[in-house]
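# Notes for the structure review
Now for the letters of each chain:
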Amino acid sequence: QSTGTHDPTTTPTHCPYCALQCGMNLTPVEGGTVEVSERADFPVNRGALCGKGRTAAAVLAPGARLTSPLVRSGDGALVPAGWDEALDRIAGNLERTRARYGADALGVFGGGGLTNEKAYALGKFARVVLGTSQIDYNGRFCMSSAAAAGTRAFGLDRGLPFPLEDVPRTGCVILVGSNPAETMPPSLRYFTELRENGGTLIVVDPRRTKTAEQADLHLAPRPGTDLALALGMLHLVVAEGRVDEAYVEERTSGWEEARAAAMAHWPEHVERITGVSVPELREAVRLFCAPEAAMVLTARGPEQQAKGTDTVGAWINLCLATGRAGRPLSGYGCLTGQGNGQGGREHGQKADQLPGYRRLTDPAARRHVAGVWGVDPDSLPGPGRSAYELLDALGTDVRSLLVMGSNPVVSAPRAAHVEERLRSLDFLAVCDVVLSETAQLADVVLPVTQWAEETGTTTSLEGRVLLRRRALTPPDGVRGDLEVLHGLAGRLGVEKGFPTDPEEVFEELRRASAGGPADYSGIDYRRLAQENGVFWPCPAPPAPDGTGATDSATDSGVGTGTGTGTGTAPHPGTPRLFLDRFATDDGRARFVPVAHRPSAEEPDDEYPVLLTTGRVVSQYQSGAQTRRVAELNAAAPGPFVELHPRLAARLGAAEGDPLAVVSRRGRAVAPARITTGIRPDTVFMPFHWPGEGRANTLTNPALDPTSRMPEFKVCAVRVETVTP
Ligand code: SF4
């Protein structure tokens, strides 16, 4: 553990980008920015940073970001304005929209990069100040299928129910649709150490990624068929007598139905669906079942599908049948993507949730949170539309929109349609650090502070709540998102309840989360600084009179495995979940029977090729920040179409030739990158760029029925050469 002390000129904090939330030190330097240096005391990355983290300070430089509000002038240009004018204009437009069309004509779109405090305040602002149900966030596009499947099976979702430090000590890891070598490079050491310790790594990915190159076994299924792959493995587990019958009997329910569903998927049938051979399937089962402990970790590959919840569910069933969940060094986990993708979904900016990861439809949850907010529970709106459905309703049911920390023009599926919907709004306000592609469409743009300029908490992919500290005074003209919400709330008639001090917001968040699944009530800024983060759930100790230190008893329903925080001693936090029981009513994990089904869009004569999308190491998400960093741009200057030599030969395309990729939703053009590391029936495009190479122009917004996750990972396209 850290002592919590540090050189007063150097501030220990965390990276602004991905969910690994690497520790880093910041030292102010001339030019209004900071120098990033190694911070060895944070155990997750032990000083290592990827190129994005190393160069994170570049976007802080005054010339690289917005430093004045912008308002749309009479001639259509965005021009600088004062803060009062900009906030008045937003409040006035929101008020007019609400008066004319009702509160649900107001939309709020948040982001998985917002701190816990901002996510909490934004959800409260939408429901208390605007009175709208129409709030969701871009994390819906990230890991919502894993969240839905985890909740369905275990009664609770936390990305990883165990710390990353367990990975090198297990016997086998199956990484499904995950490429940490590019998405979070410092985490790769956990998998390297796993192999050095004698464990095995299996990677399931249609592409031979940099991560797959390091695997003991690489399975390359056809995109959209990993559900069938998991079922085929489960079939073999049963057929080969590898089911952990005692575990299934003692700790699960629903096995017979799940077993029957798996037995309907014969390995030969699965081979035809997936392209993965029966011997490869058998080898995967052998490697997974041989050691005493093993894990399955998923990322966006299985999750970003119109059957993502069932796909993740199939992998969870495999873990349960083999006794791999809720046991030391074993289990299922999701590697979340965005910096606060985990915390962002716990505190109320998701369409169906209240702080503490409570369900908005739960009367007790509504009463508890309304009590903390000082409002009538009946005044709280019900669940709203999911992210894509909200964007699709812009300009019709939803007339005015506030965006905070998101760039859907690049990151949403069917992006040209989303862009057109944004243009059709009566009013659009965007809070961002740079003039993103979405901000360029706004009527008002508010320039906000960045990670190094503000204090706040995030929750990493491990469920570890972390403190980001302010290291730098923000430039003139810039304000924090909490100040924006405070200013707007006041203008809309709510004078209290929106403090600008993040610690004050966190104190309220603690009370709002108390007793919920994601209980933060035992966590405070002092502990976070001293302990290098605390894993939730972490309830406050009971008060001496036995009533609890907060206004609600805690019942997260999970075995902590680390102590219970009894008496008045602080709860130690919960690095490992489910060791004693799962968070279901009966404490058992639930098998859910699932079956293979085709993707929403399968290839045909007109669109004969599969498209899958993803990331590259030197860009982050929509690229709004990283595309402005010279070193990152030099390393990854633009989009490309990765394709197999056989497909390239059929098209007559050479390396670097411009290729048009056409789907039912649009056309994107980018240079060819030819490699044998991809299936011949599939092309891959990274999604970080706008313009003619925007991959999300092509992607399919078909939604998972449970998680409402769009099918980013698979759609049908045709590929054409482009005559210069
Ligand atoms: Fe930042 Fe993620 Fe890179 Fe770590 S791996 S430095 S958190 S972008």
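Residues numbered from 1 in each chain as written. Predicted model: local features only at pLDDT ≥ 70, side-chain atom pairs only at ≥ 80, totals over all residues.

The name recorded for the protein chain in an unreviewed UniProt entry is Molybdopterin oxidoreductase family protein, from Streptomyces tendae.

Moving on to the site of the ligand. Around the ligand sit 14 residues in total, of which Cys 15, Cys 18, Cys 22, Cys 50 and Gly 53 are the nearest. The residue inventory of the shell around the ligand, partitioned by class, reads 10 nonpolar, 3 polar and 1 charged. Per-domain counts for the shell around the ligand show at least three residues from each of domain 1 (11-64) and domain 3 (144-334). (Near = placed C-beta within 6 Å. Nonpolar A, V, L, I, M, F, W, Y, C, P; charged D, E, K, R; others polar. Domains from an automatic or database assignment.)

The strand order S10-S9-S8-S12-S13 describes an open sheet built from 5 strands, whose pairing is parallel. Edge strands, defined here as strands with exactly one partner in the open sheet, are strand S10 (217-219) and strand S13 (331-334). Adjacent strand axes in the sheet meet at a mean angle of 15° when their direction is disregarded. Pairing between strand S12 (residues 295-298) and S13: 4 bridges, direction parallel. Residue pairing for S13: Val 296 is matched across the bridge by Tyr 332. (Pairing = 2+ DSSP bridges. Helix = DSSP H or I, 4+ residues; strand = E, 2+ residues; numbered from the N terminus. Axes fitted to C-alpha atoms, helices over the stretch in contact; angles between N-to-C directions.)

Attention now goes to the pairing of strand S20 (residues 464-468). Counting buried residues along S20, 5 of its 5 residues qualify, which places the element largely inside the surrounding structure. Here S20 shows two buried faces, one formed by Arg 464, Leu 466 and Arg 468 and the other by Val 465 and Leu 467. Where strand S19 (residues 456-459) lies against S20, 4 bridges are found, and the strand directions are antiparallel. Within S20, the residue paired with Gly 456 across the bridge is Arg 468. Count of turn residues in the S19/S20 antiparallel hairpin: 4 residues, of which Gly 463 carries a positive phi of about 80°. Relative to strand S21 (residues 534-535), S20 is paired through 2 bridges, and the arrangement is antiparallel. Along S21, the bridge assignment pairs Val 465 with Val 534. (Buried ≥ 20, exposed ≤ 12 C-beta atoms within 10 Å, placed from the backbone.)

Along the chain, the position of Leu 579 falls in the loop between S21 and strand S22 (589-590). Leu 579 gets classed as partly exposed once you count the C-beta atoms within 10 Å, which come to 18.

As a packed pair, helix H2 (residues 83-101) and helix H19 (residues 481-491) sit with axes 9 Å apart at the nearest point and diverge in direction by 55°. In terms of orientation, H2 and H19 fall into the oblique class. Handedness of the H2/H19 crossing: right-handed. For the pair H2 and H19, the contacting residues are Leu 87, Asp 88, Ile 90 and Ala 91 in the first and Gly 487, Leu 488 and Arg 491 in the second. For the contact of H2 with H19, the residue count by class is 4 nonpolar, 1 polar and 2 charged. (Parallel < 35°, antiparallel > 145°, perpendicular 65-115°, else oblique. Left-handed = near helix turned anticlockwise from the far one by under 90°. Contact = placed C-beta atoms within 7 Å.)

So, on to the sheet that holds strand S1 (residues 11-14). Strand order in the open sheet made by the 3 strands is S1-S2-S3, with antiparallel pairing throughout. Strand pairing shows two members of the sheet lacking a second neighbour, S1 and strand S3 (33-38), which therefore form its edges. Strand-to-strand twist of the sheet, defined as the mean angle between neighbouring strand axes without regard to direction, takes the value 45°. One ladder, built from 6 bridges, connects strand S2 (residues 23-29) with S3; its direction is antiparallel. Directly across from Asn 25, in S3, lies its bridge partner Ser 37.

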